[in-house]
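# Understanding the architecture of this molecule
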Amino acid sequence: MNRRDFLRNSSWLAGAAALSATGFSNLALGHEATSPAQEYAKAFAQAIKHNPKLKGWQGLSQDIPALKVNWQGKLPAELVGKRLYRNGPGRQQLGDQRYSHWFDGDGFVSQYQLGAEGMTHSGKFVRTRKFELESAAGRFLYNGAGSHVAHPRGLKGPESINTANIALLPVENELWAMWEAAMPYRLAQDDLTTLGQVSFSNELEGIPFSAHPHRDQNGSIWNIGDLANLGKAGFVLYQLSAKGELLRCKLIDSPRRSYVHDFAVTDTHLVIYLPPLMAGANGGTFIESFDWQPQQGGVLLVIDKNNLEVTRQIPCESGFVFHFGACWRQGRELVLNLCWYDNADVMIKRMGDIIGELTVKKETPSMATQLVIDLDRGTVKRENVGIAMEFPQQDERVAAMPARYQFGVTMASNTQVERSEYNAISRLDLRSGKLESYQYGQGVMAEEPLFVPKAGGGEGAGYLVHTSLDYLRGETSVNVLDSERLADGPVARASLPYYLPLGFHGALV
Ligand SMILES: [Fe+2]
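Residues numbered from 1 in each chain as written. Predicted model: local features only at pLDDT ≥ 70, side-chain atom pairs only at ≥ 80, totals over all residues.

If you tally the helices and strands in the protein chain, you get four helices and 36 strands. Residues counted as buried form 51% of the 509 residues belonging to the protein chain. Relative to all contacts within the protein chain whose residues are 6 or more apart in sequence, the contacts with residues 24 or more apart total 59%. (Helix = DSSP H or I, 4+ residues; strand = E, 2+ residues; numbered from the N terminus. Buried ≥ 20, exposed ≤ 12 C-beta atoms within 10 Å, placed from the backbone. Contact = placed C-beta atoms within 7 Å.)

Given below as structure tokens:
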């Protein structure tokens, strides 16, 4: 760790986490007799009777015990004995109140043990402090990142509403259940018991740790923490060992407070894209506070991994990014594949509208896009690949190397379509732009596909493992596809006799 820099910043960090004036602590307090969350609970109960898509956002109220179901087809040998884990917002309603924003549900982690004969599913809520306090109270106590509740308590910072509901990082025998505005929670891989919270040092208590850490080719785990969550313009950069020990940590300045969910890692650089989505510009909840100001343009922060210094701030077009895919350096250029939205509606409107307005609206999809950064000139070129894609994944054997293939969920067409039409699993050839897909039928939503290499296979030869929700049949399934024969459909598939909430990210161990 750069101890001098860290110590210089540490007292500021500790203070910021406890006393942040304009981040998550600035949520409006409401004292209405009937809260929007109570009205919304009634409206949702009515709407789901005729809108089966809402099953994906209905949520759960308790843990799910182990249940074994058989495969249709045959599970490939490479996957026998592996475990698929998925995380996402699980508890959307408590008592008579319901969150109006998808992101606010408490983290629920599913485990799927993949056996030769069948798959065993179980699931547990992450026992965060928020979850335990609110369970004991029998009601939601705090406004969320995007939802208002009745008689909310004031927040001491984002930690008060850490739901651990976005993603999972396998570290040794643990899974880290990650949110993005505070530290992750540690779960046991075998039975999902919550073991405690990740703690690197006293100074980093309550400091943001994003949901998208990346392992590089040397085994290091890199991550960022966006201090916009604390009302500050800056980031904490983390370098961890493969075992999750903190090696280095540094605070860097940022030219703006915006929203950053993921970042890029190459062999030499980290890159952060700052959209022109200004945090704190409006009142209300954290998400309500964002203002889209496209005239300001985007900014790329290019960071040298050696000294963790920002070496370039590069103006970029206005857009919004949740996720990066395959990224690498070639000579003095950085090639970043990502999923690009032309505006931030997906963040500031759609995610809330999905359930907040009880409809699943048409949305402008994110497009597979490539940014090429010229490190010497400090310029960037953007190319839209022309494919609507989200949740990009790659063959990790070529992480930080020029990759040929990127995998993800895609839509039935590239026109403006309903979110429910994220119903295909695809392989994008990054050299030719050619797409190969398997499209599920009507009423099925496909979730993030994770790549598992075939023994002895070359780049991109493997299996894609993902969950899907059939909201017409009311069942959640695990599907396994051959990445070289996607059009053939799943080689193995197991369906549960119940449905689970749609989630965000998972891990295969
Ligand atoms: Fe994400």
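From this point on, the discussion continues.
The next subject is the nonpolar core. The biggest cluster of nonpolar side chains holds 130 residues, and the ones touching the most others in it are Leu168, Ala177, Met178, Val236, Leu270, Val271 and Ile272. Not counting chain neighbours up to four residues away, the residues in contact with methionine 178 comprise Ala164, Ile166, Ala167, Leu168, Leu169, Pro184, Phe209 and Ala211. Judged by nonpolar contacts, the second largest core, of eight residues, contains Tyr40, Tyr99, Phe140 and Val149. (Core = buried A, V, L, I, M, F, W, Y, C linked by C-beta atoms within 7 Å.)

The next subject is the sheet that holds strand β20 (residues 298-304). As summarised here, the arrangement of the four strands in space is β16-β17-β20-β21, forming an open sheet in which the pairing is antiparallel. Two strands bound the open sheet, and with one partner strand each, they are β16 (264-265) and β21 (310-316). Direction of pairing for strand β17 (residues 269-274) relative to β20: antiparallel, over a ladder of six bridges. Across the sheet, the residue bridging to valine 271 is valine 302, located in β20. (Pairing = 2+ DSSP bridges.)

For the rest of this paragraph, the subject is the sheet that holds strand β30 (residues 435-439). On the basis of which strands lie adjacent, the open sheet formed by seven strands has the order β22-β23-β25-β26-β27-β29-β30 and antiparallel pairing. Looking at which strands have only one partner, the edges of the open sheet turn out to be β22 (320-330) and β30. Adjacent strand axes in the sheet meet at a mean angle of 30° when their direction is disregarded. Of the pairings in the sheet, the one linking strand β25 (residues 367-374) to strand β26 (residues 379-393) comprises seven bridges and is antiparallel in character. Across the sheet, residue aspartate 374 finds its bridge partner in β26, namely threonine 379. (Axes fitted to C-alpha atoms, helices over the stretch in contact; angles between N-to-C directions.)

With that out of the way, let us pick up unusual backbone geometry. We note that alanine 164 has phi near 50°; this positive angle belongs to a residue other than glycine. For alanine 164, the location among the structural elements is in the loop between α3 (129-137) and β8 (167-171). Backbone geometry places phenylalanine 391, a non-glycine residue, at a positive phi of 50°. Among the secondary structure elements, phenylalanine 391 is positioned in strand β26.

With five bridges connecting them, strand β29 (residues 424-429) and β30 associate as antiparallel partners. By the bridge assignment for β30, leucine 428 is matched with leucine 435. Between β29 and β30, which pair antiparallel in sequence order, lie five residues; one of them, glycine 433, sits at a positive phi of approximately 80°.

Residue pairs three or four apart in sequence face the same way in an α-helix, which turns once every 3.6 residues. Considered for burial, the residues of α3 that qualify are Lys130, Phe131 and Glu134. The buried side chains of α3 occupy one side of the element, clustering within an arc of 95° when seen end-on. Structural note: α3 exposes Glu132 and Ala136 on the side pointing more than 90 degrees away from its buried face. The elements touched by buried residues of α3 are β4 (93-94), β6 (106-114) and β7 (118-125). Positive backbone phi, at 75°, marks glycine 138, one or two positions downstream of α3. (Arc of directions from axis to C-beta.)

Once that is clear, we can look at the environment of alanine 461. Within the secondary structure, alanine 461 is located in the loop between β32 (450-453) and β33 (462-470). Looking at alanine 461, the number of C-beta atoms within 10 Å reads 17, which means it is partly exposed. Once the C-alpha coordinates of alanine 461 and tyrosine 405 are considered, the two residues, 56 residues apart in sequence, prove to be 9.8 Å apart. Discounting residues that sit within four places of it in the chain, alanine 461 has contacts with Pro453, Lys454, Ser483 and Glu484.

Further remarks concern the confidence of the model for the protein chain. The share of residues in the protein chain with pLDDT of 70 or more is 89%, and the mean pLDDT across the chain is 90. Confidence over residues 1-8 falls short of pLDDT 50; this stretch has 10 contacts with residues more than four positions distant or in other chains. Low pLDDT, under 50, characterises residues 26-31; the predicted model gives this stretch 14 contacts beyond four residues in sequence or across chains. (pLDDT = per-residue confidence, 0-100.)

Counting buried positions over the six residues of strand β13 (residues 221-226) gives six, a clear majority of the element. Judged by which residues are buried, β13 turns out to be covered on both faces: Ile221, Asn223 and Gly225 on one side and Trp222, Ile224 and Asp226 on the other are all buried. As paired strands, strand β12 (residues 214-215) and β13 are joined by two bridges and run antiparallel to one another. The partner of histidine 214 across the bridge, within β13, is tryptophan 222.

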